There are 2 protein chains.
Amino acid sequence: MNNFNFYAPTRYEFGRGVENRVGELTLALPASKVLIICGQGSVVRSGLLDRVSASLDQAGVRYEILSGVCPNPTDDMVYRGIELAKQTCCEGIIAVGGGSVIDTAKAIAAGAVYDGDFWDFFSGKTIERALPVGVVLTIPAAGSEGSGNAVITKRDGLHKISIRTEHVLRPKFALLNPELTFTLPPYQTAAGIVDMMAHIFERYFSPTEGTEVTDRLCEGLLKAIMNEAPKVLARPDDYDARANIMWAGTLAHNGTCGCGRAEDWVSHRMEHELSAVYGVTHGAGLAVVNPAWMTYMVDHRVERVAQMARRVFDITGDNDPAVAKEGISRLRNFYRSIGMPTTLAELGIENPDFDLLVKKLHENMGEVFGGYYPIDAKVSMAIYKLMV
Amino acid sequence: MNNFNFYAPTRYEFGRGVENRVGELTLALPASKVLIICGQGSVVRSGLLDRVSASLDQAGVRYEILSGVCPNPTDDMVYRGIELAKQTCCEGIIAVGGGSVIDTAKAIAAGAVYDGDFWDFFSGKTIERALPVGVVLTIPAAGSEGSGNAVITKRDGLHKISIRTEHVLRPKFALLNPELTFTLPPYQTAAGIVDMMAHIFERYFSPTEGTEVTDRLCEGLLKAIMNEAPKVLARPDDYDARANIMWAGTLAHNGTCGCGRAEDWVSHRMEHELSAVYGVTHGAGLAVVNPAWMTYMVDHRVERVAQMARRVFDITGDNDPAVAKEGISRLRNFYRSIGMPTTLAELGIENPDFDLLVKKLHENMGEVFGGYYPIDAKVSMAIYKLMV
């Protein structure tokens, strides 16, 4: 096990009606004026934005609203938010939405107290401070409500870049009401499920030895997610199933599963290029990338794939490659069963430009990268081709 | 799943040498003068106290030392610590030791900023504030380094009482170096392992439905602990095994396993009476109590015991009571395999005073208590008798 530090001071309030506590918790940040960030309309149509506003009004917190954040959020919205937050002297940012909204809010929070260009942080500059961020979560998937990370795409360069802080960008509070997810369409629900599973895989596929505790946490969460997924798809208002999926999404990415182990993150990087170039849904892209990456590993570093197959899918047998392959097959079957694609064609990419994907990938990540197995251009090309 | 809040702002630093950061982290609390609480000599003999002092010296933090905390810590030491902390104007408490030391430190931390008798807090008064507590952990067992709880025994009344706060008493930082546990004797190591497993069982045996995520976390941690336990007993300086046991002890009790579910805590209450009356080691007592409680449940509320047997011990079969019994048998075998008692006689209690135990239990807990199954005097008597 590696040395680690773990500091996750996000206050989670979980259950029915918790969004109505946003005013009280914002006041306690403390913040008397905030910028609300949200998406393209569903939080308005559902009445959620009204409830959030009412709670802030009741607490005497003033607010500006910046709506219109899209999936795979881009830097232009961040620049607009920073300008608005600075102009109106906001003391905090409240994200009402899913990962794209929260990531945008985090980038604004860092940029609003920085004199330079916020993109500096995505080019390697350390974030020393940020406005406090609060979250009302509507989409369980990205896990951004409990993480110190954010991913932003640069609109003019096809670059989708993530930043990672130990705790500066962790939300101060996250309000998680499973009822808010009842109306999520099946495709988005399923894509979120793949995303949280991928967050666990990125930590599970580690080169670190002696990580039994976090191995078991990862395996347990994967089992729980796959147990609950069919329930939420069969009955979208199954409260307990939605609650389990929602909390799993947070635990998958708030650091709990990664303590003491090097992580991989190759699948996410490879998917980011698919999203940046083809605009695909992140979770759907991961359903294609994850099994392809694992398939490559069968012949190159099989041990953790075999362990996953044995412990998560209960596959027996002594032959690691055979066990691993069967596990990957079960994983693909699971993804298909929840309506996710497992090939580039099913993802709508009929003629993938492999050269462009590989070029962009290594432009962003360097010649060789990856925690579990080193990925150079030859390897990434082979893995992309396994997605066909 | 129940509504819940989870706020665990303890900063964990885990790995070799982390105890040398105590000065820097204490200064950041902020505290320039602290009271160090420790036990009866091993932290002196091992040189740990010298290293902690040196780190505080280097950071310019002044300190007083109160040593001599015993297992099942009592109120007299807390009174001494409160007086010393007040007299010397300490701004924080640093616990160097295991659960007894940390619990004593927490009670002192609450009492040092309170004008009344600190025992008020153990009689129902809410703790509103406390001095910040930092921990250098030497015994993985109680999980107090990550919890908001403390257990103190009143010396004159055989009352062993726990207090529970959401976060006021959570340590601000906890330094966990697995190497500090290499010299723990086998009996103490094993008792700690039972204690952390019991912390998981108290959460696992819940009346709440729809708790798949936390069920799986509990089951995974139990599996991990039972996988690592033989390793630390066979080779006390197995770093990775010690590290896994140490981190499991924290996760077992910092709230991660209990989110969204009612908890039980009957076994702990029943063991507290054994400790208070007979002075037995807490973990060893739990090795006797836990299986007896589960055995009673086979005929009264079997479902979770059977689930534990299936998922943790991989026992197959459709008959819940038979599966549950086999699981309990495997659990007892595991406890025996690590040198723990599973009967009162093996615990050294040849002629248990069942009437006294039951009387004290319900004096402390009321006529009926228990999260998973209601325990009245008839039931507690039956469970105590199953320990013979």
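Residues numbered from 1 in each chain as written. Chains lettered and ligands numbered in written order. Predicted model: local features only at pLDDT ≥ 70, side-chain atom pairs only at ≥ 80, totals over all residues. Heavy atoms only, no water.

### Here's the deal with the pairing of strand β5 (residues 92-97) of chain A
All names here are of chain A.
- With respect to burial, β5 is a largely interior element, six of its six residues being buried.
- With five bridges connecting them, strand β3 (residues 33-38) and β5 associate as parallel partners. By the bridge assignment, C38 is partnered in β5 with V96.
- Across five bridges, the pairing between β5 and strand β6 (residues 133-137) is parallel. Bridging across to β6, I94 finds its partner in G134. (Buried < 20%, exposed > 50% of the residue type's maximum accessible area, 1.4 Å probe, protein only. Helix = DSSP H or I, 4+ residues; strand = E, 2+ residues; numbered from the N terminus. Pairing = 2+ DSSP bridges.)

### Quick look at the packing of aromatic side chains
- Across all of its chains, the model carries 36 aromatic pairs over all chains by this definition.
- Aromatic pair A:Y79 and A:F118: ring centres 4.9 Å apart, planes at 70°, arrangement edge-to-face. Separated by 39 residues along the polypeptide, A:Y79 in helix α4 (residues 75-87) and A:F118 in the loop between α5 (99-111) and α6 (119-122) bring together distant segments of the chain.
- Looking at A:Y79, the relative accessible area reads 31%, which means it is partly exposed.
- Looking at A:F118, the relative accessible area reads 1%, which means it is buried.
- Through pairs of rings, three or more aromatic residues link up here, namely A:F4, A:F6, B:Y12, B:F14 and B:W247.
- Cation over ring: A:K154 sits above A:W119, and NZ or CZ is 4.7 Å from the ring centre.
- Lying over the aromatic face of A:Y372, A:R301 brings its terminal NZ or CZ to 4.7 Å of the ring centre. (Phe/Tyr/Trp six-rings, centres within 6.5 Å; stacked < 30°, edge-to-face > 60°. Lys NZ or Arg CZ within 6 Å of the ring centre and 35° of its normal.)

### Concerning helix α9 (residues 239-251) of chain A
Residues and elements named next belong to chain A.
- Compared with an ideal rise of 1.5 Å per residue, which puts 13 residues at 18 Å, α9 spans 18 Å between its outermost C-alpha atoms and is within 8% of the ideal.
- Burial within α9 is extensive, with twelve of its 13 residues counted as buried.
- The complete set of buried residues in α9 reads Y239, A241, R242, A243, N244, I245, M246, W247, A248, G249, T250 and L251. (Expected span 1.5 Å × (residues − 1).)

### Quick look at the confidence of the model for chain A
- With 99% of its residues at a pLDDT of 70 or more, chain A has an overall mean of 96.
- In the model output, the complex is listed with pTM 0.97 alongside ipTM 0.96. (pLDDT = per-residue confidence, 0-100.)

### Quick look at unusual backbone geometry
- Cis geometry marks the peptide bond from A:L29 to A:P30, where omega comes out at 0°.
- The residue A:P30 is located in the loop between α1 (22-27) and β3 in this model.
- Of note in the backbone geometry, A:C89 takes a positive phi value of approximately 55° without being a glycine.
- Locating A:C89 in the fold gives a position in the loop between α4 and β5.
- A positive phi is found at B:W265, a non-glycine position, where the angle reads about 70°.

### As for the nonpolar core
- Ranked by size, the top nonpolar core spans 243 residues in total, and within it A:I93, A:M197, A:W247, B:I93, B:M197 and B:W247 carry the most contacts.
- Not counting residues up to four positions away in its chain, the partners in contact with A:M197 are A:L222, A:I225, A:M226, A:L331, A:F334 and A:Y335. (Core = buried A, V, L, I, M, F, W, Y, C linked by side-chain atoms within 4.5 Å. Contact = heavy atoms within 4.5 Å.)

### With respect to the interface of chain A and chain B
- In this complex, chain A contributes 38 residues to the contact, which on the side of chain B involves 38 residues.
- For the pair chain A and chain B, the summed buried surface comes to about 3400 Å²; carbon and sulfur atoms form 59% of the total.
- Run the count over chain A and chain B and you get zero salt bridges.
- Here chain A and chain B share 16 residue pairs in polar contact (both at pLDDT 80 or more) between them.
- Counting residues per element, the ones that place at least two in the side of chain A that touches chain B are β1 (4-6), β2 (11-14), α8 (212-234) and α9 of chain A.
- Note: β1(A) against strand β2 (residues 11-14) of chain B, three bridges, orientation antiparallel. If you follow A:N5 over to β2(B), its bridge partner there is B:E13. (Buried area = accessible area lost by both parts, 1.4 Å probe. Salt bridge = Lys/Arg side-chain N within 4 Å of Asp/Glu carboxyl O. Polar contact = N/O pair within 3.5 Å; in protein donor to acceptor, adjacent residues only side chain to side chain.)

### Observations regarding empty space enclosed by the protein
- If you walk through the whole model with that rule in mind, you get two cavities of 30 Å³ or more.
- Approximately 130 Å³ is the volume found for the largest cavity.
- Lining the largest cavity are 13 residues, and of these A:F6, A:N254, A:T256, B:F6 and B:T256 sit closest to its centre.
- Classifying every residue of the lining of the largest cavity by side-chain character gives eight nonpolar, five polar and no charged.
- Of the pockets and cavities examined, the second largest cavity occupies roughly 30 Å³.
- Around the second largest cavity, the lining residues are A:P140, A:L184, A:T189, A:G192, A:I193, A:M196, A:R242 and A:I245.
- Looking at the lining of the second largest cavity, the elements with two or more residues in it are α7 (186-204) and α9 of chain A.
- Among the elements that make up the lining of the second largest cavity, the one with the highest residue count is α7(A) (four residues). (1 Å grid on protein atoms, 1.4 Å probe; cavity = no way out; pocket = protein on both sides within 12 Å on 5 of 7 lines; lining within 4 Å. Points joined across faces, edges and corners; volume = space filled by probe spheres on them. Nonpolar A, V, L, I, M, F, W, Y, C, P; charged D, E, K, R; others polar.)

### Section: the pattern of salt bridges
Residues and elements named next belong to chain A.
- Going through the model one piece at a time under the given rule, you end up with 48 salt bridges over all chains.
- A salt bridge links E219 to R311, with the shortest nitrogen-to-oxygen separation between them at 3.3 Å. Taken together, the positions of E219 in helix α8 and R311 in helix α12 (residues 303-313) put the pair 92 residues apart, joining distant regions of the chain.
- Residue classification places E219 among the buried positions, given a relative accessible area of 3%.
- Several salt bridges converge on common partners, so that one network encompasses E212, R216, E219 and R311.

### Focus: the side chain of B:N149
Residue and element names in this part refer to chain B.
- Turning to its location among the elements, N149 is positioned in strand β7 (residues 149-154).
- According to the relative accessible area criterion, N149 is buried, its value standing at 13%.
- Within the structure, N149 has its side chain in polar contact with the side chain of H253 (distance 3.4 Å).
- If we ignore the near neighbours within four places in the chain, the residues touching N149 are D103, K106, S144, I163, R164, T165 and H253.

### A look at the relation of the copies chain A and chain B
- Overlaying chain A on chain B yields an RMSD of 0.0 Å, the required transformation being a rotation through 180° with an accompanying axial translation of 0.0 Å. Such a combination of rotation and displacement between the chain copies is what one expects of a two-fold axis. No C-alpha of chain A approaches the rotation axis more nearly than that of A:P9, which lies at 2.1 Å.
- Comparing interface residues between copies, 100% of those in chain A also sit at the interface in chain B, which points to an isologous, same-surface contact. (Least-squares fit on C-alpha atoms with pLDDT ≥ 70 in both.)

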